[in-house]
Amino acid sequence: MTGVTIIGTGSYAPGRPVTNHDLARVMDTSDEWIRPRTGIHQRHYAGEGETASDLGFRAAERAIEAAGIDRGEIDAILCSSMTSDYKFPGSGGLIGAKLGIQGVPAFDLQQQCASMPFSMQVANGLISTGAAKTILMVGADAHAGFMPWKDWDVLYGERDAEVSPEARAQATKHRGLAVIFGDGAGAMVLRKSEVEGHGFLGAQLHTDGDYAEDIALLGGGFRSRPFLTKEMIDEELYVPRMAGRSLFKHAVKKLPKVVRELCARHECTTEDVDWVIAHQANDRINFAVRDALKLPPEKVPSNIARYGNTSSATIAILLDELIRGGKIERGQLLCLLGLGAGLHWGAALMRY
Ligand code: COA
């Protein structure tokens, strides 16, 4: 038996890094608050007009180059984004068009921060049924459009001015959410492994819609006629609402459990796992997961300090850094792990 494996990775983060100190120019926050609570030191934001498909395209180009394939060999695209270029269609087809591979089917998945374990399950299904041989999997998010400030030039230090008290109050209202997200994209090229016992082994995936509003974009949905109203703008419903503490509790409870269950199903122990590539929402969540699973710190790497939470992209960006850095070796057992808006959560096991 062989499953789908990664033959190339790529990632991309737009613009220059924005530090916690930079954020304090537009809202009441501080490095002292953000860093110990989250592990985040800086993040990147897409520029005006720069979209999830632009970021995803850049990461995809790098992954294709690393895989050493011709882009014409890709026969399916799996794209995950919670901040797609349009409300619809999704960004997968746009990435295909930017790559010049129009006609290749693109699947848009919406599992947000849990997207990589879910996508890996779908990719393995497509490959094992013969529907595809070479899959481009992309996670890309451009959250800049929901950030609760307008004075980007002040944020970047390009204009030496104070933002108005109203603008500061508005951004401060959403600071718990705003400080944790950053923009970026990660991509992988996937093919069936040629080594017996290698590749995707299985996934354990869960969804519970009862908690959909723990983190959700309440404005611009088709529960409303019309789906977008002036009142939604006035109520700032273009900024997602997040119950941070509830999500934190869900994550520290559900994530270790799902890893244990998945390992048990595949007759291995959590000790056998070489790398837990976990979603980067908050270092403290991953420390708790690591402790619950009794894993040493080096098995649960983090790059949240440099990117913040890039939602659908975090796992792919981290994998790209570890694979390019020569840390992850062929034959090692990887566990991709994430929880995000939905509520979706899950883990996927792969012998790389
Ligand atoms: N800067 C300064 N102060 C802030 C702040 C910021 N960025 N954000 C919140 N605060 C303040 C609050 O106003 C509050 O002050 P008060 O006690 O005077 O009312 C206090 O800090 C605590 O706020 P709270 O929102 O309860 O913070 P928290 O301890 O829950 O931490 C998160 C917030 C977001 C870091 C944390 O809840 C978290 O990481 N949750 C998980 C989120 C997640 O995983 N989201 C993505 C899912 S994919």
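Just so it is clear, the structure is predicted and the values come from calculations on it, not from any experiment. (Residues numbered from 1 in each chain as written. Predicted model: local features only at pLDDT ≥ 70, side-chain atom pairs only at ≥ 80, totals over all residues. Heavy atoms only, no water.)

> Describe the domain arrangement of the protein, with residues and values.
Taken domain by domain, the protein holds domain 1 (4-192) and domain 2 (199-351). In this complex, domain 1 contributes 55 residues to the contact, which on the side of domain 2 involves 51 residues. With both chains or domains summed, domain 1 and domain 2 bury close to 4,100 Å², and 62% of this area falls on carbon and sulfur atoms. Of all residues in domain 1, Cys113, Pro117 and Phe118 bury the most surface against domain 2, accounting for 14% of the area lost on that side. Viewed at the interface, domain 2 and domain 1 are joined by 1 salt bridge. (Domains from an automatic or database assignment. Contact = heavy atoms within 4.5 Å. Buried area = accessible area lost by both parts, 1.4 Å probe. Salt bridge = Lys/Arg side-chain N within 4 Å of Asp/Glu carboxyl O.)

> I'd like a rundown of the site of the ligand, residues and numbers included.
Taken together, 21 residues sit near the ligand, with Thr29, Cys113, Arg175, Gly244 and Asn282 positioned nearest. Broken down by secondary-structure element, the contributors of at least two residues to the shell around the ligand are helix 2 (31-38), helix 8 (175-178), helix 10 (244-265) and strand 12 (333-340). Of the residues belonging to the shell around the ligand, the class tally is 10 nonpolar, 8 polar and 3 charged. Each of domain 1 (4-192) and domain 2 (199-351) accounts for three or more of the residues forming the shell around the ligand. (Near = heavy atom within 4 Å. Helix = DSSP H or I, 4+ residues; strand = E, 2+ residues; numbered from the N terminus. Nonpolar A, V, L, I, M, F, W, Y, C, P; charged D, E, K, R; others polar.)

> Would you mind going over the sheet that holds strand 8 (residues 199-207) in detail, with residue names and values included?
In spatial order, the strands read 8-13-12-11; together these 4 strands make up an open sheet with mixed pairing. For this open sheet the edge positions go to strand 8 and strand 11 (275-278), each flanked by a neighbour on one side alone. Each strand axis lies, on average, 15 degrees off the axis of its neighbour in the sheet, ignoring direction. With 8 bridges connecting them, strand 12 and strand 13 (residues 344-351) associate as antiparallel partners. Along strand 13, the bridge assignment pairs leucine 337 with alanine 347. Helix 13 (residues 314-324) contacts strand 11 and strand 12 of the sheet and is inclined by roughly 140 degrees relative to strand 11. (Pairing = 2+ DSSP bridges. Axes fitted to C-alpha atoms, helices over the stretch in contact; angles between N-to-C directions.)

> Any details on helix 3 (residues 52-67)? Residues and values, ideally.
Taking 1.5 Å per residue as the helical rise, helix 3 with its 16 residues ought to reach 22 Å, and the 22 Å between its terminal C-alpha atoms agrees with that figure. Considered for burial, the residues of helix 3 that qualify are Ala52, Ser53, Leu55, Gly56, Phe57, Ala59, Ala60, Ala63, Ile64 and Ala67. On its buried face, helix 3 sits against strand 1 (4-12), helix 4 (92-99), strand 6 (135-141) and strand 7 (184-192). Positive backbone phi, at 70 degrees, marks glycine 68, one or two positions downstream of helix 3. (Expected span 1.5 Å × (residues − 1). Buried < 20%, exposed > 50% of the residue type's maximum accessible area, 1.4 Å probe, protein only.)

> Tell me what's going on with the pattern of salt bridges, and back it up with residues and numbers.
Within this structure, the stated rule accounts for 16 salt bridges. With its nearest N and O atoms 3.1 Å apart, the salt bridge here joins glutamate 261 to lysine 257. Of this pair, glutamate 261 and lysine 257 both sit in helix 10, 4 residues apart, which is roughly one turn of the helix. With its nearest N and O atoms 2.7 Å apart, the salt bridge here joins aspartate 320 to arginine 324. One end of the pair is aspartate 320 and the other is arginine 324, both in helix 13 and 4 residues apart, which spans about a single turn. Of the residues examined, aspartate 320 reaches a relative accessible area of 4% and is grouped as buried.

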